[in-house]
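Listed here are the chains, written in short residue letters.
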Amino acid sequence: MAKRGIKSISSDFLVIGSGVAGLSAAIALSGSGSVVVLNKGRAMEGSSEFAQGGIAVAISEEDSIGFHLEDTLAAGRGFCREEAVKVMVEEGPDRIRDLISWGAEFDKEGGRFAFAREAAHSRERILRAKGDATGEEIVKTLLRRVSSSPEIAIFEHHFTIDLLIDNSGCRGAIVMDEPKGEIYLIKTRATIIATGGIGRVYSRTTNPSVVTGDGIAMAFRAGAELEDMEFIQFHPTSLFLPGAPPFLLSEAMRGEGAIIKNIKKEAFLSRYNPDAEMAPRDVVARAIWLEMQATGSRHVYLDLTSLDPVFIRGRFPKIYATCLQYDLDITEEMIPVSPAAHFIIGGIKTDINCATNIWGLYAAGEEACTGVHGANRLASNSLLEGLVFGSRTGEEAAKVSDKQEVVNGKLDSLARDFMSDNGEGRQESRDDSDKIINSIRRLMWDKAGIVRSKDGLDEALISIKELRTLLNKRIQTSRADLELKNILTIAQLITTTALTREGSIGAHYRSDFPDKGDRWDRHLGLRKGEVISRGGAPDTLCSPQVYWYR
């Protein structure tokens with residue numbers, strides 16, 4: 001590799017990820033130079049297009065930006081950064097108007113937009129498309145817009161291995177072209193991470209298989225600061241059927257009148273919270289988990305059978321069709337459901353313009369942490385976050401000049417260091433990566449899931465460190481091993497912060513510390529610690545340093 005030199009391409013801007021945030025960023029950047037968008041799978045394969053419930057935005061006559069702000073702050077348990085929330089709710093209506101001008105079609109009733117209400121919203125403000133296919137409609141609209149911009153190129157089946165970091169900041173990324181099996185550099189003025197969440201770290205998740213925490217893991221290795229990684233939102237209702245994936249069953253179903261019942265077919269949520277089905281997600285998910293423990297069951301039921309069948313089929317066509325594939329008619333039968341990992345609230349720490357602590361590196365979307373969600377995300381704010389902060393990060397990154405000339409020799413050296421670290425002295429990668437990943441996912445579900453404790457988290461950390469030692473002895477150039485490294489990194493980060501926060505707030509719940517704790521209003525920061533060398537092989541999963549701040 002060193003003798004041949006390293007293949008590279010240059011682009012003004014690099015966007016890693018092609019969901020709502022990534023595509024919005026690319027569109028905002030397109031007037032300022034060339035843009036490369038990387039997708040490790042293909043377009044329409046990430047979490048954005050699976051968003052069913054809709055997008056929260058204050059544009060109805062009965063609503064206001066002020067109400068939306070208040071609801072978001074309340075759901076976030078006083079842990080939100082109000083400045084970031086203001087940006088989202090104030091700029092959200094303009095981003096929706098952009099989508100409509102680009103051809104997005106949202107559902108209407110009587111010629112007016114149809115708005116729904118979900119848990120913890122004080123108004124009907126959830127805009128939807130095709131009943132329960134809002135994310136798909138938004139992504140398709142953004143892709144059409146991207147395809148009309150000659151400045152933007154989308155590279156599918158390109159796995160981003162790591163960021164290129166030198167003394168001046170982020171200079172691009174090391175990328176693997178999977179079909180060709182080639183590794184090369186993409187050198188840029190500014191890089192935006194928009195890779196989405198971390199759902200596949202858990203055995204039950206609503207996220208697709210590509211969501212393995214790559215963006216957060218590579219940012220951590222590059223030296224980016226992370227924040228509040230312990231806050232993982234578990235969606236209360238995902239399909240629980242043998243042989244079926246934990247398919248998301250939208251919160252909008254409860255907004256339309258669906259009732260959650262235990263294995264005895266009794267409604268029970270009012271025993272845990274007076275708002276019952278309309279309580280915030282963290283409350284409902286924990287109530288379901290506790291009820292499952294109390295009744296010795298692996299699931300509860302979501303019951304829509306009191307609703308009109310014609311309404312159900314029209315309002316939730318995708319959910320109806322999916323359940324029917326598994327011989328379940330939701331108009332006649334209760335749906336077996338249980339919680340599943342859904343959304344990471346913490347992530348790469350950014351300011352309100354999505355800049356990280358590394359020059360030239362930005363983050364937008366689920367893997368970023370602007371503080372907009374606090375300790376618990378308000379339902380249907382995620383698509384809005386992606387649109388608003390995706391556009392915002394594109395506008396900000398466009399201002400980055402290329403005065404600091406790319407030093408090709410330096411970047412080539414960085415890439416050669418990567419190749420050396422993953423070759424010399426390492427064992428050939430075995431084909432058991434999936435087996436190890438599954439063991440991590442089960443471990444995280446059992447020990448760092450909806451309800452946590454010191455004993456369980458300690459056990460998880462011990463197992464993670466043992467697996468880390470094993471991985472350091474292996475070549476890490478296959479996609480399976482690279483995803484394993486990222487999943488293991490995320491598991492360590494979540495477990496470390498969950499163990500550090502001795503208190504319960506929002507989506508983080510400790511059974512041994514059920515109260516808020518003394519530091520409930522402080523954030524937990526993470527940064528890369530010392531790199532440990534074992535037998536000449538560097539520990540790429542170095543231990544994080546944890547620190548508190550307001």
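To be clear, the structure that these remarks concern was listed above.
So, here's what we can say about the structure. (Residues numbered from 1 in each chain as written. Predicted model: local features only at pLDDT ≥ 70, side-chain atom pairs only at ≥ 80, totals over all residues. Heavy atoms only, no water.)

Considerations on the environment of Gly 517
Inference 1: Among the secondary structure elements, Gly 517 is positioned in the loop between helix H14 (479-500) and strand E22 (523-528).
Inference 2: For Gly 517 and Ile 505, which are 12 residues apart along the polypeptide, the C-alpha to C-alpha distance reads 8.7 Å. (Helix = DSSP H or I, 4+ residues; strand = E, 2+ residues; numbered from the N terminus.)

Notes on the pairing of strand E17 (residues 300-303)
Inference 1: Burial along E17 is two-sided: the face carrying Val 300 and Leu 302 and the face carrying Tyr 301 and Asp 303 are both buried.
Inference 2: As paired elements, strand E16 (residues 259-261) and E17 share 3 bridges and run antiparallel to each other. Its bridge partner lying in E17, Ile 259 is registered against Asp 303.
Inference 3: Direction of pairing for E17 relative to strand E18 (residues 335-344): antiparallel, over a ladder of 3 bridges. Its bridge partner lying in E18, Leu 302 is registered against Ile 335. (Buried < 20%, exposed > 50% of the residue type's maximum accessible area, 1.4 Å probe, protein only. Pairing = 2+ DSSP bridges.)

Section: the environment of Ser 543
Inference 1: With respect to the element layout, Ser 543 can be found in the loop between strand E24 (537-538) and strand E25 (544-549).
Inference 2: Along the sequence, Ser 543 and Lys 528 sit 15 residues apart, while their C-alpha atoms lie 6.7 Å from each other.

Looking at the packing of helix H12 (residues 433-447) against H14
How two helices pack is summed up by the angle between their axes together with the distance between the axes.
Inference 1: Where H12 meets H14, the axes come as close as 10 Å, and the angle between the chain directions of the two elements is 15°. The pairing of H12 with H14 is recorded here as roughly parallel in orientation. For the element pair H12 and H14, the recorded crossing hand is left-handed. Contacts from Ser 433, Ile 436, Ile 437, Ile 440 and Met 444 in H12 reach Ala 480, Asp 481, Leu 484, Ile 487, Leu 488, Ala 491, Ile 494 and Thr 495 in H14. (Axes fitted to C-alpha atoms, helices over the stretch in contact; angles between N-to-C directions. Parallel < 35°, antiparallel > 145°, perpendicular 65-115°, else oblique. Left-handed = near helix turned anticlockwise from the far one by under 90°. Contact = heavy atoms within 4.5 Å.)

Comments concerning helix H7 (residues 281-295)
Inference 1: Over its 15 residues, H7 extends 21 Å from the first C-alpha to the last, a length consistent with the 21 Å expected when each residue adds 1.5 Å.
Inference 2: Among the residues of H7, Arg 281, Asp 282, Val 283, Val 284, Ala 285, Arg 286, Ala 287, Ile 288, Glu 291 and Met 292 are the ones counted as buried.
Inference 3: At the exit of H7 stands Gly 296, carrying a positive phi of roughly 65°. (Expected span 1.5 Å × (residues − 1).)

Considering the packing of H12 against helix H13 (residues 454-471)
Inference 1: Between H12 and H13, the shortest axis-to-axis distance is 9 Å and the interhelical angle comes to 165°. Looking at the two axes, H12 sits roughly antiparallel to H13. H13 is crossed by H12, and the crossing has left-handed handedness. Only Gly 456, Leu 457, Glu 459, Ala 460, Ser 463, Ile 464, Leu 467 and Leu 470 of H13 make contact with H12, whose side of the interface consists of Ile 436, Ser 439, Ile 440, Leu 443, Met 444 and Lys 447.
Inference 2: Its residues placed into classes, the contact of H12 with H13 shows 9 nonpolar, 3 polar and 2 charged. (Nonpolar A, V, L, I, M, F, W, Y, C, P; charged D, E, K, R; others polar.)

A look at the sheet that holds strand E12 (residues 182-187)
Pairing between the strands of a sheet comes from backbone hydrogen bonds, and it takes one of two forms, parallel or antiparallel.
Inference 1: In space, the 4 strands of this open sheet follow the order E1-E12-E11-E10, with mixed pairing throughout. Among the strands making up the open sheet, the edge pair consists of strand E1 (8-10) and strand E10 (158-166). Taking each pair of neighbouring strands and ignoring which way they run, the sheet shows an average axis angle of 25°.
Inference 2: Sheet analysis places strand E11 (residues 169-177) next to E12, joined by 6 bridges and oriented antiparallel. Bridge pairing in E12 places Val 175 opposite Tyr 184.
Inference 3: Running over the sheet, H14 touches E10 and E11 and is turned about 60° from E10.

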